[in-house]
Amino acid sequence: MIIAEQKPVAEIAGYIESCNKVLLVGCGGCVTVCLTGGEKETEILASALRIKRRQEGKPLETVTCVATRQCEPEYIDALDSAVRDVDAIISLACGIGPQYLAGRYKDKYVVSAMNTRFAGGAKRHGFWEEYCGLCGDCVLNLTGGICPVIRCAKSILNGPCGGSQNGKCEINRDVDCAWQLIHDRLKILGRLDTLKEIVPPKDWSRSRDGGPRKMVIEDVMSGSNPEKAN
Ligand code: SF4
Ligand code: SF4
């Protein structure tokens, strides 16, 4: 799941200083699950912005709605009438949402209310941790299902680095050494010999370096409408 957190209200308010009426758009996807951009958070942000502006003597009118997902054009269609008479659209989605909104409503000022952080998993209710860096060339099958790219502080593919003590990483004694975890897991699986194999350099061309990445499923694509967001 994509984890995103809200920017400070003062920062968001700064972007819309010159606006009289804004539309706040929440997202029903990841940011609803991580409790930062769903219906409740959208209403709270709208209220906070109105209060701030009232205190400053420059009242702000807000309209709110929540798209099922802002990362799919078909769900943005529903906003067409709501955006018409607003001065700005504030997106509470991850970084995809404001870009899709800006692509669709080219004459509208789109503000992102969020800082998009990482691809995380839930550890407990209200606690998420990064598990995948979306590198595009996954090595989990060589590392007992534990990602060294993200969970090792040095992203070492052939670990450990030698700084681990009592199973903890040298950068922080509260952080498990990923390579200790990998060792322990491979031991349970009876596959410790895997550690003797040198993991070759990853294919980083499949990561971010080549510009925006794409994935196409041909038979699904052939029956769908042309891309509408941009
Ligand atoms: S190796 Fe890459 S794709 Fe696999 S879990 Fe780690 S960052 Fe994600
Ligand atoms: S101690 Fe372990 S997790 Fe930390 S950098 Fe070294 S190998 Fe990676």
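As recorded in an unreviewed UniProt entry, the protein goes by Methylenetetrahydrofolate reductase C-terminal domain-containing protein and comes from Pelotomaculum isophthalicicum JI.

Participant: Where do I start with the nonpolar core in this structure?
Facilitator: General note: in soluble globular proteins, nonpolar side chains tend to be found buried as a group. I16, V22, L24, L45, L49 and I90 are the most contacted members of the largest nonpolar core, which totals 20 residues. Taken together, the elements giving at least two residues each to this core come down to α1 (9-15), β2 (21-27), α3 (39-55) and β4 (88-91). Listed in part, the 12 residues of the second largest apolar core include V25, V83, I89 and Y100.

Participant: I'm lost on the site of ligand 1 in this one. Help?
Facilitator: Taken together, C132, G133, L134, C135, C138, V139, L140, C147 and V149 make up all the residues around ligand 1. Residues that form the shell around ligand 1 fall into these classes: 8 nonpolar, 1 polar and no charged.

Participant: Any chance you could explain the pattern of salt bridges here in plain terms?
Facilitator: In a structure, side chains of opposite charge can pair up when their charged atoms sit close to one another. Under the definition given, this model contains 11 salt bridges. The residue E61 makes a salt bridge to K21 at a minimum N-O spacing of 3.7 Å. One end of the pair, E61, is in strand β3 (residues 61-67); the other, K21, is in strand β2, with 40 residues separating them in the sequence. Its salt-bridge partner being D193, residue K196 comes within 3.4 Å of it at the nearest N-O pair.

Participant: Would you take a moment to explain the side chain of T194 for this structure?
Facilitator: Mapped onto the fold, T194 is located in the loop between α8 (178-188) and α9 (218-221). Among residues more than four places away in sequence, those in contact with T194 are L142 and L186.

Participant: Quick question: what am I supposed to make of the site of ligand 2 here?
Facilitator: Inspection of the region around ligand 2 gives C152, A153, K154, P160, C161, S164, C169, E170, C177, A178 and W179 as its neighbouring residues. When the residues that make up the shell around ligand 2 are grouped by side-chain class, the tally is 8 nonpolar, 1 polar and 2 charged.

Conventions used here
- Residues numbered from 1 in each chain as written.
- Chains lettered and ligands numbered in written order.
- Predicted model: local features only at pLDDT ≥ 70, side-chain atom pairs only at ≥ 80, totals over all residues.
- Heavy atoms only, no water.
- Core = buried A, V, L, I, M, F, W, Y, C linked by side-chain atoms within 4.5 Å.
- Buried < 20%, exposed > 50% of the residue type's maximum accessible area, 1.4 Å probe, protein only.
- Helix = DSSP H or I, 4+ residues; strand = E, 2+ residues; numbered from the N terminus.
- Near = heavy atom within 4 Å.
- Nonpolar A, V, L, I, M, F, W, Y, C, P; charged D, E, K, R; others polar.
- Salt bridge = Lys/Arg side-chain N within 4 Å of Asp/Glu carboxyl O.
- Contact = heavy atoms within 4.5 Å.

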